[in-house]
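Descriptive analysis of the structure
So the chains spell out like this:
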Amino acid sequence: ETVGPHIVKTLRAQAEKDGVPARLNSRAVRLIVDENHTVRGVVAEGKHSGLYRVNAKAVVLAAGGYGQNKEMVAFYRPTFKGMTSSNNVTSTGDGVRMALEAGASMTDIDWIQAHPTVGKGSRILISETVRGVGAVMVNETGARFVNELTTRDRASDAILKQPGRHAWLVFDADLYAKAKMVRGYDHLGMLKKADTIEGLAKAAGMDPKVLEKTLADYNAYRAKGHDDAFGRPDMPLAVAKAPFYAVEVAPGIHHTMGGVMINPDSQVISATTHAPIKGLYAGGEITGGVHGASRLGTVAVIDALTFGMIAGEHFAAM
């Protein structure tokens, strides 16, 4: 089981055990702030019940980022306008908007991480494992253009400079057998497949001669243990055993590093007083300042669990 569903299942079971109620089909619309600038609850909109008020001693914002809000993305990072996103459809920036309306300060709000390999025309993330275990990345002509194992931001920038702003990950039968997730992409109909390199190139609209030379050169570099073209440090598999496969990818919004400013106690900071807003906490992707300009893979899980726990400890002490 993947990490996210496991965490949700564990926390949900504990919440049910402790008698913590959950409101389904209910969208938080606005924070309730009293005359002393203290947060006293939220206004929610139920799918069937309409608007209603939930009073609380404090509120924690854990609504995720804004990667699925095309207007916010275009406003904060114009160069990413119209880019697809791997995020959950609920990452609409509602929490950021509510915090702003309540007077919260933002930090690094325009810092958005693009994942270089989202399936073209989809929200399905093509895992970095595919490149890690041996896939080669080429442009639409069939030529390599970057060290496949570079950082996410550099790989994304390199793809966006290619014709059509997309790329292909190319691999063979050995990788197909080794990497389980690749067979999942195949099940979803995302892979081009052929018994020859020439056939694969034609299926993907590449130049067969270019792709054949690219892979011959790559296999030669691998054999001698040095990637002369782009300095890829690890080449675990050749691309030599039929059938051959390719999956089309393009950068997609993956994480918004910027967001609501918090202190080490998960308290949201006011934009006017620069002090904590009483009764307001935040944790996870909605916050800014935790990851810097980019984010290391999986670290968002630690971010969310750590600051969520800290907020919970404050709640318990109230």
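Quick note: structure is the one above.
Here is a short report on the structure shown in this document. Here the residue index of a chain counts from 1 through its sequence in written order. Local features are withheld for residues below a pLDDT of 70 in this predicted model, meaning they are given only at 70 or higher, and side-chain atom pairs are given and counted only at 80 or more; totals for whole chains, interfaces and linings count all residues. Only hydrogens and water are set aside when side-chain values are computed; all heavy atoms of the structure are taken into account.

Some points on the packing of aromatic side chains
Each Phe, Tyr or Trp ring (for Trp, its six-membered ring) is paired with any other whose centre lies within 6.5 Å, and the angle between the two planes then decides the class: stacked below 30 degrees, edge-to-face above 60, tilted in between. Under the definition given, this model contains five aromatic pairs. Note on Tyr66 and Tyr76: the rings are 5.5 Å apart at their centroids and 50 degrees apart in plane angle, and the pair reads as tilted. One end of the pair, Tyr66, is in the loop between β4 (59-61) and α2 (70-76); the other, Tyr76, is in helix α2, and ten residues separate them in sequence. There is no split in this pair, since Tyr66 and Tyr76 are both buried. Relative to Tyr245, the ring of Tyr176 lies with its centre 4.6 Å away and its plane at 10 degrees, an arrangement referred to as stacked. With Tyr176 in helix α6 (residues 173-178) and Tyr245 in strand β10 (residues 244-256), the pair connects residues that are 69 residues apart, well separated along the chain. Exposure class is identical for Tyr176 and Tyr245. Each is buried. Think of it this way: any DSSP run of H or I at least four residues long counts as a helix, any run of E at least two long counts as a strand, and we number them from the N terminus. Relative accessibility thresholds used throughout: buried, under 20% of the residue-type maximum; exposed, over 50%; partly exposed, between the two (1.4 Å probe, protein chains only).

What to know about the pattern of salt bridges
Salt bridge criterion: a side-chain nitrogen from Lys or Arg within 4 Å of a carboxyl oxygen from Asp or Glu. Going through the model one piece at a time under the given rule, you end up with 13 salt bridges. Linking Arg131 and Glu128 is a salt bridge whose minimum nitrogen-to-oxygen distance equals 3.9 Å. Of the two residues, Arg131 and Glu128 both sit in helix α4 (residues 128-132), three residues apart, roughly one turn of that helix. Here Glu128 falls in the partly exposed class, since its relative accessible area comes to 29%. Here Asp227 and Arg144 are joined by a salt bridge, their closest N and O atoms 2.9 Å apart. Of the two residues, Asp227 sits in the loop between α9 (208-224) and β10 while Arg144 sits in the loop between β7 (136-138) and α5 (152-160), which places them 83 residues apart along the sequence. The same class applies to Asp227 and to Arg144, which are both buried.

Concerning the sheet that holds strand β13 (residues 276-282)
Strand order in this open sheet of three strands is β4-β13-β12, and the pairing throughout is mixed. The open sheet terminates on both sides in strands that have one partner only, identified here as β4 and β12 (267-269). On average, each strand axis in the sheet is tilted by 55 degrees relative to the strand beside it, whichever way the strands run. Strand pairing requires that DSSP identify at least two bridges connecting the strands. Note that β4 and β13 share three bridges and pair parallel. Think of each axis as a best-fit line through the C-alpha atoms, taken over the contacting stretch in the case of a helix, with angles from 0 to 180 degrees between the N-to-C directions.

Examining the side chain of Gln113
Checked against the element boundaries, Gln113 lands in strand β6 (residues 112-119). Nitrogen and oxygen atoms within 3.5 Å of one another constitute a polar contact, given that in protein one can donate a hydrogen and the other can accept it, and given that sequence-neighbouring residues count only through two side-chain atoms. At a separation of 2.8 Å, a polar atom in the side chain of Gln113 contacts the main-chain carbonyl oxygen of Arg295. Should any heavy atoms of two residues lie within 4.5 Å, those residues are counted as being in contact. Ignoring anything within four residues of it in the chain, the contact list for Gln113 reads Arg152, Gly252, Ile253, His254, His255, Met257, Ser294 and Arg295.

As for the nonpolar core
Core analysis: the largest hydrophobic core is formed by 31 residues, its most contacted members being Leu31, Leu61, Val268 and Leu280. Looking at this core, the elements that each hand over two or more residues are β2 (39-46), β4, α2, α3 (94-101), β6, β13 and α10 (299-316). With residues up to four places along the chain from it excluded, the contact list for Leu61 reads Leu31, Gly95, Met98, Ala99, Leu280, Tyr281, Ala282, Gly283 and Ile286. Nonpolar cores were defined as sets of buried Ala, Val, Leu, Ile, Met, Phe, Trp, Tyr and Cys residues, with membership established by side-chain atoms within 4.5 Å. Residues Val130, Phe145, Ala167 and Tyr176 belong to the second largest nonpolar core, which totals 23 residues.

Examining the side chain of Asp34
Summarising the element assignment, Asp34 is placed in the loop between β1 (26-33) and β2. Given a relative accessible area of 19%, Asp34 falls into the buried group. From its side chain, Asp34 meets the backbone nitrogen of Asn36 in a polar contact 2.8 Å long.

Quick notes on the sheet that holds β2
The strand order across the open sheet formed by three strands is β1-β2-β3, and the pairing between neighbours is antiparallel. With one partner strand each, in any of the chains shown, β1 and β3 (50-55) form the two edges of the open sheet. For this sheet, the mean inter-axis angle between neighbouring strands, taken without regard to orientation, is 25 degrees. Summarising the sheet, β2 and β3 pair through six bridges and their orientation is antiparallel. In the sheet register, Glu45 faces β3, and the bridge partner there is Leu51.

Remarks on α10
Each helix should span, by expectation, one fewer than its residue count multiplied by 1.5 Å. In a regular helix each residue adds 1.5 Å, so 18 residues correspond to 26 Å; α10 covers 26 Å between its end C-alpha atoms and thus fits that length. On its buried face, α10 is in contact with β4, β10 and β13.

Notes on the environment of Tyr245
Overall, the relative accessible area of 4% leaves Tyr245 in the buried class. Between the C-alpha atom of Tyr245 and that of Met83, which follows or precedes it by 162 residues, the distance is 25 Å. In this view, Tyr245 contacts Leu169, Val170, Phe171, Asp172, Ala173, Tyr176, Leu191, Lys192, Lys193 and Leu200; residues no more than four positions away in its chain are not counted.

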